[in-house]
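# Descriptive structure summary
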Amino acid sequence: MSYTFDMDEILKKLDRRRNDSARDLRERREALYEKLPEIKEIDDELRNGTLMAIRKKVKGTGNDIAFLAELEKRNSELSEKKKNILIKNGYDENYLERRYVCNLCKDEGYIGNEKCKCLKQLIVEARYLESNISDRLEQENFSTFDMSYYRQERLEDEKVSPYENIQNILAKSKEFIKKFGDTSQNIIIFGETGRGKTFLTNCIAKEILDEGHSVFYLTAGGMVEDVINGYLFRRNEEEYDDKEKKARYEFLFNADLLIIDDLGTESVNRQSVTQLFRVVNDRIISGKSTIISSNLDIKGIKENYTERFAGRIAENYDFFNIFGANIRMVKKKRLLERH
Ligand SMILES: [Zn+2]
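To keep things clear, this report deals only with the structure shown in the data block.

Basis of the calculations
- In every chain, residue numbers begin from 1 and rise along the written sequence.
- The predicted origin of the model limits local features to residues at a pLDDT of at least 70 and limits the giving and counting of side-chain atom pairs to 80 or more, whereas totals for whole chains, interfaces and linings rest on all residues.
- Side-chain descriptors were evaluated using all non-hydrogen atoms of the structure, hydrogens and water having been removed beforehand.
- Segments assigned H or I by DSSP are reported as helices when at least four residues long, segments assigned E as strands when at least two residues long, and all are numbered from the N terminus.
- Expected helix span is taken as 1.5 Å per residue step, with the number of steps being one fewer than the number of residues.
- Only protein chains enter the accessibility calculation, which uses a 1.4 Å probe; a residue whose area is less than 20% of its type maximum is buried, one above 50% is exposed, and one in between is partly exposed.
- Any pair of residues with heavy atoms lying within 4.5 Å of one another is described as a contacting pair.
- Here a cavity denotes a set of grid points, spaced 1 Å apart and computed over the protein atoms alone, in which a 1.4 Å probe fits but from which it cannot get out, and a pocket denotes an open set meeting protein on both sides within 12 Å along at least five of seven lines; residues with an atom within 4 Å of a point are reported as lining.
- Grid points are joined across faces, edges and corners, and a volume is the space filled by probe spheres set on the points.
- Each residue is assigned to one class: nonpolar for Ala, Val, Leu, Ile, Met, Phe, Trp, Tyr, Cys and Pro, charged for Asp, Glu, Lys and Arg, and polar for all the others, Gly among them.
- The rule for pairing is simple: two strands pair if DSSP sees at least two bridges between them.
- Here an angle of 0 to 180 degrees is reported between the N-to-C directions of two axes, which are lines fitted to C-alpha atoms, with helices fitted over the stretch in contact.

## Quick look at helix 4 (residues 117-131)
Here helix 4 spans 21 Å end to end across 15 residues, near enough to the 21 Å set by a 1.5 Å rise per residue. Inspection of helix 4 places Cys-118, Leu-119, Leu-122, Ile-123, Val-124, Ala-126, Arg-127, Tyr-128, Glu-130 and Ser-131 among the buried residues, and these make up the whole buried set. Those residues of helix 4 that are buried are in contact with helix 1 (7-35), strand 1 (110-111), strand 2 (114-115), helix 6 (197-210), strand 4 (215-219) and helix 8 (242-254). Asn-132 sits one or two positions beyond helix 4 and adopts a positive phi of about 85 degrees.

## As for the layout of surface pockets
One way to see where empty space is left: roll a probe the size of a water molecule over the atoms. Here the largest pocket is characterised by a volume of approximately 440 Å³. Surrounding the largest pocket, 23 residues form its lining, Gly-196, Lys-197, Phe-199, Ile-327 and Arg-328 being those nearest its centre. If you list the elements that add at least two residues to the lining of the largest pocket, you get helix 6, strand 5 (257-263) and helix 12 (327-338). Per-element tally for the lining of the largest pocket: the top contributor is helix 6, with four residues. In terms of residue class, the lining of the largest pocket is built from five nonpolar, nine polar and nine charged.

## Description of the sheet that holds strand 4
One open sheet holds the five strands; their spatial order is 4-5-6-3-7, and the pairing between them is parallel. Each edge of the open sheet carries a strand with a single partner, namely strand 4 and strand 7 (318-321). Recorded for the sheet is a direction-independent mean angle of 15 degrees between the axes of neighbouring strands. Strands in contact with helix 6 are strand 3 (186-190), strand 4, strand 5, strand 6 (289-294) and strand 7; relative to strand 3, the strand with the most contacts, it is inclined by about 155 degrees. Relative to the sheet, helix 9 (residues 270-285) contacts strand 3, strand 5 and strand 6, its axis offset from that of strand 5 by approximately 145 degrees.

In structure tokens form, the structure reads like this:
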């Protein structure tokens with residue numbers, strides 16, 4: 001990831017939009033003046049009227065009601081005349097107005113003190129890039145979640161069928177999304193490889209991002225080796241990408257939602273366990289939400305990590321247990337049957 005969220009960059013983008021629309025208008029106007037000089041004459045006259053009004057105001061005679069009424073009448077006549085010339089020559093009557101990307105806020109980004117929806121959209125786009133999973137979310141989201149991979153029959157040793165189980169989990173996931181931001185919530189998704197754990201986390205991540213929150217997705221291995229060791233044990237203080245490394249490291253702690261995928265598949269040592277615990281524990285204390293997926297169960301986590309780590313998870317996380325057939329195998333089988 002070579003990108004971290006930067007509000008200044010977003011505001012600069014709005015700046016550029018405003019400059020572009022101003023330049024675009026200038027260019028169109030100049031070209032039109034050459035083609036239709038009568039438009040320029042009208043604009044000059046309109047400008048003179050305005051100047052006259054300003055001059056009168058400066059002199060203290062600006063409250064001349066008769067003059068202002070006359071000026072207003074003249075302006076509207078001139079504007080009408082201008083409009084007719086434009087239309088007669090095949091132009092839109094608004095041809096000499098600025099064209100904004102967003103007409104609601106005129107590319108200011110704010111309406112009063114409120115963020116305009118265009119600014120919110122830019123923030124969401126930047127959050128997508130920063131999340132590490134932006135390229136997957138178009139394919140992997142709730143609208144593409146395929147329930148048919150989950151068996152509807154319940155086996156004797158199952159409390160519910162895999163289908164019923166995933167239905168419950170989806171309902172709880174939607175509850176998580178609804179409450180996100182109001183309350184601290186954590187989820188650990190247990191299940192063997194190929195049960196749809198990562199797919200589910202992607203579904204949740206997309207909804208959270210679309211609300212404008214920040215999300216940071218990492219595999220447990222990537223998190224430890226790349227982000228944590230890459231920052232804490234970097235060789236050279238002057239490394240050009242230190243700022244980026246620092247930002248990513250800090251993002252582990254301050255992202256609104258952190259997703260640690262595939263816990264248990266990374267290489268584990270005392271150092272990595274300590275770092276992992278620090279991230280998870282810190283986020284619990286600061287009330288930030290985390291989702292972990294793992295092919296281990298809580299007993300496995302206790303064995304592979306520490307009792308303390310497993311304890312923090314058990315106390316602070318909701319358990320989602322996904323079971324049923326291996327989706328990758330079902331997909332393969334379906335593909336073979338089709339050919
Ligand atoms: Zn706007």
